[in-house]
Structures are given as C-alpha cells and as structure tokens.
Amino acid sequence: MKTELCIAKGVTAIIGSGGKTSLLARLCQELPGTVILCTSTRIFPFEALPLVTEPLETLPYDKLCVGTYAEHGKLAAPVQSFEELSKLSDYVLVEADGSRGLPFKAHLDHEPVIPPCAVQTIQVVGTWALGKPISEVVHRPERFAELAGASMDDPVTPELAAKVINAEALCDRVLLNGPDNAETRRLAELLDVPAIISNVTGAPV
C-alpha cells in the first residue's frame, strides 16, 4: 500500500470518505521509521497506539497518535504545528477531512483542512457504495449533486463520482476503497490523477 500510494517523508494529508481512518492505521503499520498519526479536524484515538497530548521535543515511541482532547472522546489538532511535528518524525499522517462515516463526499469551501506544509494529499473514496442514491451515501449531497449535474435521487455512478473528484481537484492520488470490479476500474480510468484500488480493512465487499 505504501508503495502504490508513493508515501513520501513529511506531512501527508488524507481526505475524502469511506476508509480514511483504516488507511491511516494500515499505513502506520507498513511505513518504516517513525510515524505520527494526527488530525486537522476530529478523530477518535487509535486504540493500538500510544497517545500523546503534550508538546514533544523528541518522540517517546516510534509510532504514536498525537492530538488534543475534544468533545465526545475525540481528538483535535495537536498543540504543535504539523511542520514542527514533521521535524520530529519521518512521516506525519493527517486525517484532514470529515465525512460522518459515509462512503462519498463533496466539499464546501472551508473543506478539507489540508495543512499548508503537506507534501501530498490522498483522497479516499468508498467505492462499495457505487450504484446507491446520492442522498443516501454522500456527505454534502447537495454539493455533490451540484458538481455532478445530477439529482440527489440519482445513483452514484463512476462517471458522476469522477466528475466531482476531478472538479474539486483536491488531491495527488485517489485510493478507491472497495472491491476490484468493473465499476471501480471504470472510475479509476476517468480520474485526472493516479488511482489505486484496494480493499482497506473495514470496507464492505
């Protein structure tokens, strides 16, 4: 996975919907060296990782989660800047978007919250929900329908999903999270940026 997505050292922003947290956890396992997982929005702590909420001068663990406590048991952005953290760790992976657990998303003007120092941005798309109505499987369905030139009752097709992703032009690569089938491959072909198909842990099939 780390090879296909060309994860570079420094800050990587993970945006989109349908598997961001699962991707962060998987990359943390696969990447060599030191890795910090954090957010520019809100995430739940990673149970398998040590959590640090105070400023760091050195890393107490090779792989850890960093953030500040927020409401409902979630974490907000770290005390230190992402640029500072990137000087302490080989990789800083930032969940930079929210999608309310839905597999597709369109973005408002203030979204996503990509750190200015990010060296790359990867967008996750939950392709297992292709064929289902926009109104049921999209976060910000009105915006998605507007960009796609569709009705909210229309199903999400590879063509409509690609139209939205290409119009927003927010990422360097796309992870299509779901089964490797004709629809997913069609979506990959239509995108303006490289796409990787992988059923990240947690994605329905």
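Shown above is the structure to which this text applies.
An account of the accompanying structure is given in this report. Owing to the predicted nature of the structure, the values given are computational and were not obtained by experimental measurement.

## Structural notes on helix 1 (residues 20-30)
And step 1. Within helix 1, burial applies to Lys20, Leu23, Leu24, Leu27 and Cys28. Viewed along the axis of helix 1, the buried residues span an arc of 135°, placing them on a single side of the element.
And step 2. On its buried side, helix 1 packs onto strand 1 (10-16), strand 2 (35-39), strand 4 (63-66), strand 7 (91-95), strand 9 (120-126) and strand 11 (173-177).

## Let's talk about the pairing of strand 7
And step 1. Burial analysis of strand 7 places five of its five residues in the buried class, which makes it a mostly covered element.
And step 2. Sheet analysis places strand 1 next to strand 7, joined by five bridges and oriented parallel. By the bridge assignment for strand 7, Thr12 is matched with Leu93.
And step 3. Sheet topology note: the strand 2/strand 7 ladder contains five bridges and is parallel. In the sheet register, Cys38 faces strand 7, and the bridge partner there is Val94.

## Considerations on the pairing of strand 12 (residues 195-198)
In summary, the side chains of a regular strand alternate between the two faces of the sheet.
And step 1. With burial as the criterion, only one face of strand 12 is covered, namely that bearing Ile196 and Ser198; the residues Ala195 and Ile197 on the opposite face remain uncovered.
And step 2. In the sheet, strand 11 pairs with strand 12 via four bridges, with the strands oriented parallel. Counted as the bridge partner of Leu175 is Ile196 from strand 12.

## A closer look at helix 4 (residues 141-148)
And step 1. Every buried residue of helix 4 is accounted for by Pro141, Phe144, Ala145, Leu147 and Ala148. Angular distribution of buried residues about the axis of helix 4 spans 165°; they occupy a single face of the element. Opposite the buried face of helix 4, at more than 90 degrees from it, the exposed residues are Glu142 and Glu146.
And step 2. Against strand 8 (104-105), helix 3 (134-137), strand 10 (138-139) and helix 5 (158-168) lie the buried residues of helix 4.
And step 3. Within two residues after helix 4, Gly149 carries a phi angle of roughly 65°, on the positive side.

## Some words on unusual backbone geometry
And step 1. Following Glu111, the chain continues to Pro112 via a peptide bond in cis, the omega torsion being -15°.
And step 2. With respect to the helices, strands and loops of the structure, Pro112 is situated in the loop between strand 8 and strand 9.
And step 3. The backbone of Arg100 sits at a positive phi, close to 55°, despite the residue not being glycine.
And step 4. Considering the arrangement of structural elements, one finds Arg100 in the loop between strand 7 and strand 8.

## A look at the sheet that holds strand 11
And step 1. Taken in spatial order, the eight strands of this open sheet run 3-4-2-7-1-9-11-12, and their pairing is parallel. The two strands at the open ends of the sheet, each matched to only one other strand, are strand 3 (51-52) and strand 12.
And step 2. Each of strand 1, strand 2, strand 4, strand 7, strand 9, strand 11 and strand 12 is contacted by helix 1, which is oriented at about 170° to strand 7, the strand it contacts most.

## Structural notes on the environment of Ile15
And step 1. For Ile15, the location among the structural elements is in strand 1.
And step 2. Counting along the chain gives 84 residues from Ile15 to Ser99, while the straight-line C-alpha distance between them is 9.1 Å.

## Here's the deal with the packing of helix 4 against helix 5
And step 1. It is the contact of helix 4 with helix 5, at a shortest axis distance of 8 Å, that shows an interaxial angle of 95°. When the axis of helix 4 is compared with that of helix 5, the two are roughly perpendicular. For the pair formed by helix 4 and helix 5, the contact residues are Phe144, Leu147 and Ala148 on the first element and Leu160, Ala161, Lys163, Val164, Ala167 and Glu168 on the second.
And step 2. Classifying every residue of the contact of helix 4 with helix 5 by side-chain character gives seven nonpolar, no polar and two charged.

The rules behind these values
- Residues numbered from 1 in each chain as written.
- Predicted model: local features only at pLDDT ≥ 70, side-chain atom pairs only at ≥ 80, totals over all residues.
- Heavy atoms only, no water.
- Buried < 20%, exposed > 50% of the residue type's maximum accessible area, 1.4 Å probe, protein only.
- Helix = DSSP H or I, 4+ residues; strand = E, 2+ residues; numbered from the N terminus.
- Arc of directions from axis to C-beta.
- Contact = heavy atoms within 4.5 Å.
- Pairing = 2+ DSSP bridges.
- Axes fitted to C-alpha atoms, helices over the stretch in contact; angles between N-to-C directions.
- Parallel < 35°, antiparallel > 145°, perpendicular 65-115°, else oblique.
- Nonpolar A, V, L, I, M, F, W, Y, C, P; charged D, E, K, R; others polar.

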